[in-house]
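Residue-level structure breakdown
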Amino acid sequence: MKIKVVNRGSQPLPAYATALSAGMDLRANIEEPIVLRPMERRLIPTGLYIALPPGFEAQVRPRSGLALKHGITVLNAPGTIDADYRGEVGVLLINLSQEPFTINNGERIAQMVIARHEQVEFESVEELDATERGAGGYGHTGVR
């Protein structure tokens, strides 16, 4: 699949790191380093603008290495970029650690996964069909 992209930044276009990668790294496109203090959140620009085909979304997800090593994650994970959005792709990062973290220009800050989705129409009914689980919610199966 080909996706149209405008790159107004100074970073290379996102690309798959390996043949079986699901996500492509997004890079910070900033003029000077940004220090993200503990519990601080910031919208980090990428310089990228994309046009997705109907029925697709781009999901912005955390990078596991940043999360594990530094406590940096995507706050609204996964963030959704809709097919009709034409603004700059931004990454909403938060620092969940107790130490400041510096984001540098070109740093890989998130990953983007292109995914197919469906749109639905809700049908109002009086009751739902019964299942074995029923209304069992969080933790309903216990610890095994």
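Residues numbered from 1 in each chain as written. Predicted model: local features only at pLDDT ≥ 70, side-chain atom pairs only at ≥ 80, totals over all residues. Heavy atoms only, no water.

1. Focus: the pattern of salt bridges
Throughout the structure, instances matching the rule amount to 4 salt bridges. A salt bridge links Arg 108 to Asp 25; the shortest N-O distance between them is 3.0 Å. With a gap of 83 residues between them, Arg 108 in strand E11 (residues 108-116) and Asp 25 in strand E2 (residues 24-27) connect regions that are remote in the sequence. Its relative accessible area of 35% is what places Arg 108 among the partly exposed residues. Two residues, Arg 42 and Glu 40, come together in a salt bridge whose shortest N-O distance is 4.0 Å. Through salt bridges with shared partners, a single network forms among Asp 25, Arg 63 and Arg 108. (Salt bridge = Lys/Arg side-chain N within 4 Å of Asp/Glu carboxyl O. Helix = DSSP H or I, 4+ residues; strand = E, 2+ residues; numbered from the N terminus. Buried < 20%, exposed > 50% of the residue type's maximum accessible area, 1.4 Å probe, protein only.)

2. Some points on unusual backbone geometry
The omega torsion of the bond from Ala 77 to Pro 78 falls at -15 degrees, within 30 degrees of zero and hence cis. In this fold, Pro 78 is placed in the loop between strand E7 (72-74) and strand E8 (79-81). Even without a glycine there, the phi angle at Met 39 is positive, about 65 degrees. Mapped onto the elements, Met 39 comes out in the loop between strand E3 (34-36) and strand E4 (41-45).

3. Focus: the nonpolar core
Judged by nonpolar contacts, the single largest core of 25 residues is most densely connected at Ile 44, Val 91, Leu 93, Ile 103 and Ile 109. Mapped onto this core, the elements with two or more residues apiece are E2, E3, strand E5 (48-51), strand E6 (56-61), E7, strand E9 (90-95), strand E10 (101-103) and E11. Looking at this core, the element that brings in the most residues is E11, giving 3 residues. Filtering out sequence-adjacent residues up to four positions away, Ile 103 remains in contact with Ala 28, Ile 30, Pro 33, Ile 34, Leu 36, Ile 44, Leu 93 and Ile 109. (Core = buried A, V, L, I, M, F, W, Y, C linked by side-chain atoms within 4.5 Å. Contact = heavy atoms within 4.5 Å.)

4. Quick word on the pairing of E11
For E2 and E11, the ladder comprises 4 bridges, and the chain directions are antiparallel. For Arg 27, the partnering residue across the bridge sits in E11 and is Arg 108. Pairing between E6 and E11: 6 bridges, direction antiparallel. The residue of E11 that forms the bridge with Glu 57 is Ala 115. (Pairing = 2+ DSSP bridges.)

5. Section: the sheet that holds E7
Across the sheet, which stays open at both edges, the 3 strands sit in the order E4-E9-E7 with antiparallel pairing between neighbours. If you trace the sheet from one side to the other, it starts and ends with E4 and E7, each paired once. On average, each strand axis in the sheet is inclined to that of its neighbour by 35 degrees, with strand direction left out of account. Pairing between E7 and E9: 3 bridges, direction antiparallel. Following the sheet pairing, Thr 73 is matched in E9 by Ile 94. (Axes fitted to C-alpha atoms, helices over the stretch in contact; angles between N-to-C directions.)

6. Considering the side chain of Thr 73
In this structure, Thr 73 sits in strand E7. Note on Thr 73: relative accessible area 18%, which makes it buried. Not counting residues up to four positions away in its chain, the partners in contact with Thr 73 are Pro 62, Leu 92, Leu 93, Ile 94 and Leu 96.

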